[in-house]
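Reading the structure
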Amino acid sequence: MVTLTREACEEYAQEVQKLSTKLMELIALSLGLPENRFNGFFKDQTSSIRFNHYPSCPIPHLALGVGQHKDIGVLTVLAQDDVGGLQVRRKIDGEWISVKPTPDAYIVNVGQIMQVWSNDKYESVEHRVMVNSEKERFSIPFFLTPAHYTMVKPLEELTDDQNPAKYRACNWGKFFITRKGSNFRKLNVENIQFHHFRVSNIKKRGGVHRKIRHLTVTVSRHR
Ligand SMILES: O=C(O)CCC(=O)C(=O)O
Ligand SMILES: [Fe+2]
């Protein structure tokens with residue numbers, strides 16, 4: 001039995017938000033942008049935290065952990081215990097690769113908004129969670145998402161004639177509401193995705209960009 005107080009959750013949210021701001025500054029620099037380039041998007045951010053509990057199951061492959069998906073936000077900062085179960089999909093062969101839990105480390109997933117902002121320079125990774133046959137598992141993802149009024153589109157500094165925008169603009173608030181409202185209702189229909197806003201028929205020009213899909217960040221935790 002785990003007891004969480006509101007104060008502990010709020011304090012945790014504030015700290016992980018600060019970490020996310022720092023990560024966004026580093027990502028901005030990695031894209032050749034000013035350190036504070038993303039700050040404005042998060043003034044009225046809609047970020048959220050989820051507390052996941054995965055009970056054990058003697059027949060894990062018949063149990064639903066979390067089905068395959070790509071996170072839709074900007075970044076996900078995931079704290080997990082030492083049980084394991086998170087798997088990422090290797091793009092070249094579609095193989096599911098287990099992410100071994102590293103003590104005192106977060107898993108940072110690139111979300112689809114980051115993919116759009118960077119015009120595919122960063123790429124969101126598909127992942128899923130398998131449950132464990134003996135042990136229950138806990139994880140706490142922090143989903144960094146921008147203000148609801150943000151129009152999500154490739155940053156102008158990262159596009160030009162040689163490298164045109166690969167996505168049309170999309171209002172984050174509307175996208176989120178549409179997705180939430182349709183979730184799990186129509187299992188045979190793909191939920192709204194950012195790739196639906198991809199501009200079709202863009203000719204590939206120039207070289208292949210290096211894709212950055214998955215980061216592991218080690219942080220010291222206050223005990
Ligand atoms: O529990 C995990 O390791 C990941 C959960 C997840 O992918 C999600 O909540 O989006
Ligand atoms: Fe996820």
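Residues numbered from 1 in each chain as written. Chains lettered and ligands numbered in written order. Predicted model: local features only at pLDDT ≥ 70, side-chain atom pairs only at ≥ 80, totals over all residues. Heavy atoms only, no water.

Another aspect to go through is the UniProt feature "domain: Fe2OG dioxygenase" (unreviewed entry) in the chain. When the UniProt feature table is mapped onto this chain, "domain: Fe2OG dioxygenase" (unreviewed entry) is found at residues 45-146. In residues 45-146, the share of helix is 6% and the share of strand is 38%. The end C-alpha atoms are 5 Å apart. (UniProt positions renumbered as here; feature names shortened; annotations may be inferred. Helix = DSSP H or I, 4+ residues; strand = E, 2+ residues; numbered from the N terminus.)

A word on helix α1 (residues 6-30). In a regular helix each residue adds 1.5 Å, so 25 residues correspond to 36 Å; α1 covers 36 Å between its end C-alpha atoms and thus fits that length. The complete set of buried residues in α1 reads Val16, Leu19, Ser20, Leu23, Met24, Glu25, Ile27 and Ala28. A positive phi of about 75° marks glycine 32, the residue just after α1. (Expected span 1.5 Å × (residues − 1). Buried < 20%, exposed > 50% of the residue type's maximum accessible area, 1.4 Å probe, protein only.)

If you look at soluble globular proteins, the nonpolar side chains tend to sit buried side by side. In this structure, Met24, Phe38, Val74, Met114 and Trp117 are the most contacted members of the largest nonpolar core, which totals 35 residues. Where this core is concerned, the elements lending two or more residues are α1, β4 (75-80), β7 (105-110), α2 (112-117), β9 (137-144) and α3 (172-182). For this core, the leading source of residues is α1, giving 6 residues. Residues in contact with phenylalanine 38, not counting those within four places in the same chain, are Met24, Ile27, Ala28, Leu31, Leu33, Met114, Trp117 and Leu155. Counting 10 residues, the second largest nonpolar core, distinct from the first, contains Tyr54, Cys57, Val125 and Val131. (Core = buried A, V, L, I, M, F, W, Y, C linked by side-chain atoms within 4.5 Å. Contact = heavy atoms within 4.5 Å.)

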